[in-house]
Amino acid sequence: MLDATQASENVASVRDLKVHFQSKRGVVHAVDGVSFDIQDGETLGLVGETGCGKSVTGRSFLRLLPVPPGILAGGAVSFRPHGPCTACEGAGCEACAKTGRRASGDQPVDLLSISLQDMRRIRGDRIAMIFQDPGKALNPTLTIGAQMSEVFLQHRTAELLDRAGLPPDTAGAVRRFAAQEPRFGDGLILKFPPKRGQRAKLQVALNQMVTEALAETQVPNPAKLMDRFPHELSGGMRQRVMIAQALACNPDLLIADEPTTALDVTVEARILELIRALQQRRKTSVLYISHDLSLVRRICDRVAVMYAGRIVEIGTTEDVFANPRHPYTRGLMAAVPTAGTARGKLAAIRGTVPELVDPPLECRFAGRCPYETATCRQNDPSLQPVSGGHSVACFIDHPTGSQDAPSFDRVTE
Amino acid sequence: MNSAPKPESATSEVLLSISDVQKYYPIREGALQRVAGHVRAVDGVSFDIRRGETVGLVGESGCGKTTLGRVVSGLTDATGGAVHYNLDGTLSQIDHLQDLQARQFRRNCQMVFQDSFASLNPRHLVLDIVGRPLRVYNEASSGDLVERVVELLEQVGLGRQHLYRYPHQFSGGQRQRISIARALALNPEIIVLDEPTSALDVSVQAQILNLLNDLQAERNLAYLFVTHDLSVVRHMADRLVVMYLGKVCEAGETQSIFAAPHHPYTRALMAAKPDLDDDRAGENVKGLDGIVPDPARPPQGCRFHTRCEMATPVCGWEVDDVVRWLEDEPGMFEHLSGVERQSEFNAELAFDSEEAAAKLSMAIRSESVPAAMKSALKRLKLDGHKVDIEFEAVDEVQLTARDGGRLASCVLDPDEVAAKSQ
């Protein structure tokens, strides 16, 4: 894969991740040995069909999987949080591309083995997530302002106290309010002087921070939006709120799980533009999960194609789209109707995604693959590099000992 | 309301004719559930479907395309206008059909729904689901029935082994195949397909689209293909009807619309989703600002003018546009205390302070409002804490015939639209 010098610039690397689910029919191998790196500041697209394990991979970064029935069967997700830039002490210089932060020399943490408290510190702060359906991901009983505030109360207590003009060592009910750790009776204390004034100052500072975060996503009139409930907003506007919430703490890694699937195409284009602009300005790394190939091609630097719990092809967007090596990638691309396709002549991939209950030792795509040979039924291909940064798990480029390799026209126009 | 012109349809037999169909849903308010207004889901749509052709119906969510599909298949009654169906050579209005004729229409017009999970009864076996129409119409019974169902299942790529299973035992693509088998059971003449592939993966979508095409070629079926996916509709449809906010904004041959869209909305839809093999992917991708306006109070003139980037002063600017614009301006909407309308184009905006009123009259003269809206302004009078606004009154933009049997409802002509979008 990548050599050692590059490895230091990875924000996160997934190594042999295995997530299984216990079901009545047996153990489902939803993610079965996935390895990839997310480089600093890049957008990595993760594409594949329903049920190929892309969402599970994304969620395992934040340990948002139900365990049980989920089983973290092995592997590691190491994450290297950013530290302040050493050259400019956070002021913003050329070396850190004016962000004031850069990948630090800290030891990476393994997200799958750290304690729940540490995980909570990382969630929403260093790694944030945008979910598919903003209607379900936002709390319908809280106003936009209230749920946006939670992010700052949870992760930005010090900054909040500073903005409110309160000393950083403020203790008692006010601090507990600012750190979102209310205790019985705090509500009463904060209602009366002298704490009442401090509470009001905090609220002003908090509203200011929320307004700023919302303004980043180009919502019109953010101050008015704060008093609204999610159901009062359109789908596009809700997704903007989600993005504002995710980017509020300036995370190092953003996991976007099909953020535009529930939106109209015209709104989708705007939201993508927004994610792209914010990502480029802040140099956030993005893991973009989607089933839409044209969309991934538009916004991603690198693409990983997943099939049945495995990554079957990974490489730069240009490489993968100009010269797809895996028959599955080719099949997916051919299945999208385009201007030139004759009516009724779409190249469908035959069959369906196999059930992943105790999968046999063979290529997972065998049975649906048009280039299948006997080798594919007896051996399990692993991800092998074909050219700089482009790897494929198929015997086409790496025939096994039997030399019984399938063949196709390697270069597409 | 005068009926809009229809696309020409002389070449082959008209199977179904939709003329000026309206579907309004009442908005009820208060303890007595008084009707306070109507959501105009479909507001005067006309087109024909000929035997054996596919008509694509596209638009954003909330534009009324699904409602229209349901009206066509007789699942809901139209508030106004009529749907005529060709029964033995004569066009009959579908909601006036009686007994035998009604049965004949219903067996000839079937529907496939978007969510195959919700549209198949989870407690019925595939045999019951697909065999039900045959039983209801006394087409087959007991022994014969099983054979007929197997035949249908084989046509959609399933088999005898699937007869005694429940819907939950199938994948999304297979369930959609069952829905199609059920729709085919009575050998219909037209099938209304309501987003049949939007819940499916691309590879499965390709299978279903191929299947639909094969069936059409075999049985000379007509399809009304309701979808929001332009690449699918380009692949499937002979003719295209583009809807926006309950109205048709463009109609015509699919190929010619894709070659040169005459309406800015069609153009925006196409620009938002480039092809996979488009080398310019990534550049020139434009979305639309704002949201679809409230269908209970559709904009005057052209309904798209609020989001149109090439809007002109004659597109129907009105008081609501000012209010909408105010909503997004910090520090102004809060001071608006009342709107007193004389008409859609003339109103008095009352503010709670003279300052705010002055600020508005300044802002409207400045660069911050759309230029077209500014030039459409006839009168702007500041009177204390009130601002009197009047716009040029404009009639609703009608669908007009263009070259090559096309229809479009835009005040600009196609060359101007093409030039402005460069």
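Criteria and cut-off values
Residues numbered from 1 in each chain as written. Chains lettered and ligands numbered in written order. Predicted model: local features only at pLDDT ≥ 70, side-chain atom pairs only at ≥ 80, totals over all residues. Heavy atoms only, no water. Salt bridge = Lys/Arg side-chain N within 4 Å of Asp/Glu carboxyl O. Helix = DSSP H or I, 4+ residues; strand = E, 2+ residues; numbered from the N terminus. Buried < 20%, exposed > 50% of the residue type's maximum accessible area, 1.4 Å probe, protein only. Domains from an automatic or database assignment. Buried area = accessible area lost by both parts, 1.4 Å probe. Nonpolar A, V, L, I, M, F, W, Y, C, P; charged D, E, K, R; others polar. Pairing = 2+ DSSP bridges. Right-handed = clockwise from strand over helix to strand, strands pointing away. Axes fitted to C-alpha atoms, helices over the stretch in contact; angles between N-to-C directions. Core = buried A, V, L, I, M, F, W, Y, C linked by side-chain atoms within 4.5 Å. Contact = heavy atoms within 4.5 Å.

## Some details on the pattern of salt bridges
Residues and elements named next belong to chain A.
So, point 1. Inspection of the entire model under this criterion finds 42 salt bridges over all chains.
So, point 2. Across the pair Asp 32 and Arg 364 runs a salt bridge, and its minimum N-O distance is 2.6 Å. Note that Asp 32 is positioned in strand E2 (residues 26–39) and Arg 364 in the loop between helix H15 (327–335) and helix H16 (374–378), a separation of 332 residues in sequence. Of the two residues, Asp 32 and Arg 364, both sit in the buried class.
So, point 3. It is possible to trace a salt-bridge network through shared partners that takes in Asp 125, Arg 126, Arg 156, Glu 159, Arg 163, Glu 212 and Asp 252.

## Here we look at the domain arrangement of chain A
Think of interface size as the accessible area that goes away when the parts come together; that is how it is often given.
Residues and elements named next belong to chain A.
So, point 1. According to the domain assignment, chain A contains domain 1 (1–118 + 285–357 + 385–399) and domain 2 (127–250).
So, point 2. For domain 1 and domain 2, the distance between their C-alpha centroids amounts to 32 Å.
So, point 3. Here domain 1 packs against domain 2, burying approximately 520 Å² in sum over the two surfaces, 77% of which is carbon and sulfur.
So, point 4. Where domain 1 touches domain 2, the interface holds zero salt bridges.
So, point 5. Residues belonging to the side of domain 1 that touches domain 2 are distributed by class as follows: five nonpolar, no polar and two charged.

## Points about the pairing of strand E9 (residues 253–257) of chain A
Residues and elements named next belong to chain A.
So, point 1. A large share of E9 lies buried, amounting to five of its five residues.
So, point 2. Burial along E9 is two-sided: the face carrying Leu 253, Ile 255 and Asp 257 and the face carrying Leu 254 and Ala 256 are both buried.
So, point 3. Inspection of the sheet shows strand E8 (residues 127–130) paired to E9 by four bridges, in the parallel sense. Within E9, the residue paired with Met 129 across the bridge is Ile 255.
So, point 4. Note that E9 and strand E10 (residues 285–290) share five bridges and pair parallel. Note on E10: the bridge partner recorded for Leu 253 is Ser 285.
So, point 5. For the handedness criterion, the β-α-β arrangement of E9, helix H12 (residues 265–282) and E10 is classed as right-handed.

## Quick notes on the sheet that holds strand E11 (residues 336–343) of chain B
Residue and element names in this part refer to chain B.
So, point 1. With antiparallel pairing, the four strands of this open sheet are ordered in space as E11-E12-E14-E13. Sheet topology places E11 and strand E13 (377–383) at the edges, where each strand pairs with a single neighbour. Averaged over neighbouring strand pairs, the angle between their axes works out to 15° when direction is ignored.
So, point 2. Note: E13 against strand E14 (residues 386–391), six bridges, orientation antiparallel.

## Some thoughts on the nonpolar core
So, point 1. Of all hydrophobic cores here, the largest spans 117 residues; its most connected members are Leu 202 and Leu 214 of chain A together with Ile 180 of chain B.
So, point 2. Top contributing element to this core by residue count: helix H7 (residues 202–219) of chain B, with eight residues.
So, point 3. Excluding its chain neighbours within four sequence positions, the residues that come into contact with Ile 180 of chain B are Val 112, Val 156, Ile 208, Leu 211, Leu 212 and Leu 215 of chain B.
So, point 4. If you look at the next biggest cluster of nonpolar residues, it comprises 56 residues, including Leu 240, Leu 269, Val 319 and Ile 389 of chain B.

## Brief notes about the interface of chain A and chain B
So, point 1. Listed by partner, the interface residues are 42 residues for chain A and 47 residues for chain B.
So, point 2. Together chain A and chain B conceal approximately 3700 Å² of surface at their shared face, both sides included; 53% is due to carbon and sulfur atoms.
So, point 3. On the chain A side of the interface with chain B, the three residues burying the most area are Thr 266, Arg 298 and Arg 343 of chain A, jointly 18% of the side's total.
So, point 4. Put simply, chain A and chain B have zero salt bridges between them.
So, point 5. Listed by contribution, the elements that provide at least two residues to the side of chain A that touches chain B are H12, helix H13 (293–299) and H15 of chain A.
So, point 6. Counting residues per element, the side of chain A that touches chain B draws most heavily on H12 of chain A, which supplies seven residues.
So, point 7. Taken together, the residues that form the side of chain A that touches chain B break down as 18 nonpolar, 10 polar and 14 charged.

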